[in-house]
Amino acid sequence: MFFQSWSDLIHMGGYGFYVWLSYGLSFIAIVALIIQSLMGKSAVLKSVKREQQRESRLQQVQQKGETL
C-alpha cells in the first residue's frame, strides 16, 4: 500500500479505526499470552524445585531409618 501522507495512513480510507483497533487488540493479546507463559513457566519451575526438595528430605529420612 502507498499512502500520500501520514494522515492517510492513519485514516486508511475511513477504516483506520477498525484497522488500528484490530492491531491494538492483537498486540494486547500477544503480550498477555507472553506474560501468562512466563508466569506459568515460573510456577512450574517452583513446583519442580519444591518436589525435588521434598524427595530429598524423604530420602534423608529413609537413610536415617535404615542406619538405626
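Conventions adopted
Residues numbered from 1 in each chain as written. Predicted model: local features only at pLDDT ≥ 70, side-chain atom pairs only at ≥ 80, totals over all residues. Heavy atoms only, no water. Helix = DSSP H or I, 4+ residues; strand = E, 2+ residues; numbered from the N terminus. Buried < 20%, exposed > 50% of the residue type's maximum accessible area, 1.4 Å probe, protein only. Lys, Arg positive; Asp, Glu negative; His and termini not counted. Charge placed at Lys NZ, Arg CZ, Asp CG, Glu CD. Phe/Tyr/Trp six-rings, centres within 6.5 Å; stacked < 30°, edge-to-face > 60°. Patch = residues over 30% accessible without salt bridge, like charges linked within 9 Å, V, L, I, M, F, W, Y side chains within 5 Å. Areas by Shrake-Rupley, 256 points an atom, 1.4 Å probe, with all protein chains shown as cover. Salt bridge = Lys/Arg side-chain N within 4 Å of Asp/Glu carboxyl O.

(A) Molecular detail of the overall build of the chain. When you go through the chain residue by residue, the secondary structure sums to two helices and zero strands. Expressed along its principal axes, the backbone C-alpha trace of the chain runs to roughly 85 × 15 × 15 Å. Split into buried and exposed, the 68 residues of the chain put 3% on the buried side. Distance between charge centres in the chain, computed from 7 positive and 4 negative side chains, equals 11 Å.

(B) Quick peek at the packing of aromatic side chains. Inspection of the entire model under this criterion finds two aromatic pairs. Aromatic side chains Phe-17 and Tyr-18 sit 5.4 Å apart centroid to centroid with 75° between the ring planes, which places their arrangement in the edge-to-face category. Side by side, Phe-17 and Tyr-18 carry an identical accessibility label, which is exposed. Consider the rings of Trp-20 and Tyr-23, whose centres lie 5.5 Å apart with planes at 35°: the pair is tilted. Of this pair, Trp-20 and Tyr-23 both sit in helix H2 (residues 16-67), three residues apart, which is roughly one turn of that helix. Of the residues examined, Tyr-23 reaches a relative accessible area of 52% and is grouped as exposed.

(C) A look at a nonpolar patch on the surface. On the surface, Tyr-15, Phe-17, Tyr-18, Leu-21, Leu-25, Phe-27, Ile-28, Val-31, Ile-35 and Met-39 cluster together to form a nonpolar patch covering roughly 1100 Å² of accessible area. On the basis of relative accessible area, Met-39 is assigned to the exposed category, the value being 58%.

(D) Structural context of the pattern of salt bridges. In this structure the tally under the stated criterion is one salt bridge. Salt-bridge contacts for Glu-51 lead to Arg-54; the nearest nitrogen and oxygen are separated by 3.5 Å. One end of the pair, Glu-51, and the other, Arg-54, are both in helix H2, three residues apart, so they sit about a helical turn from each other. Owing to a relative accessible area of 43%, Arg-54 belongs among the partly exposed residues under this scheme.

(E) Seen up close, unusual backbone geometry. Despite not being glycine, Met-12 shows a phi value in the positive range, around 45°. Position of Met-12 relative to the elements: it lies in the loop between helix H1 (6-11) and H2.

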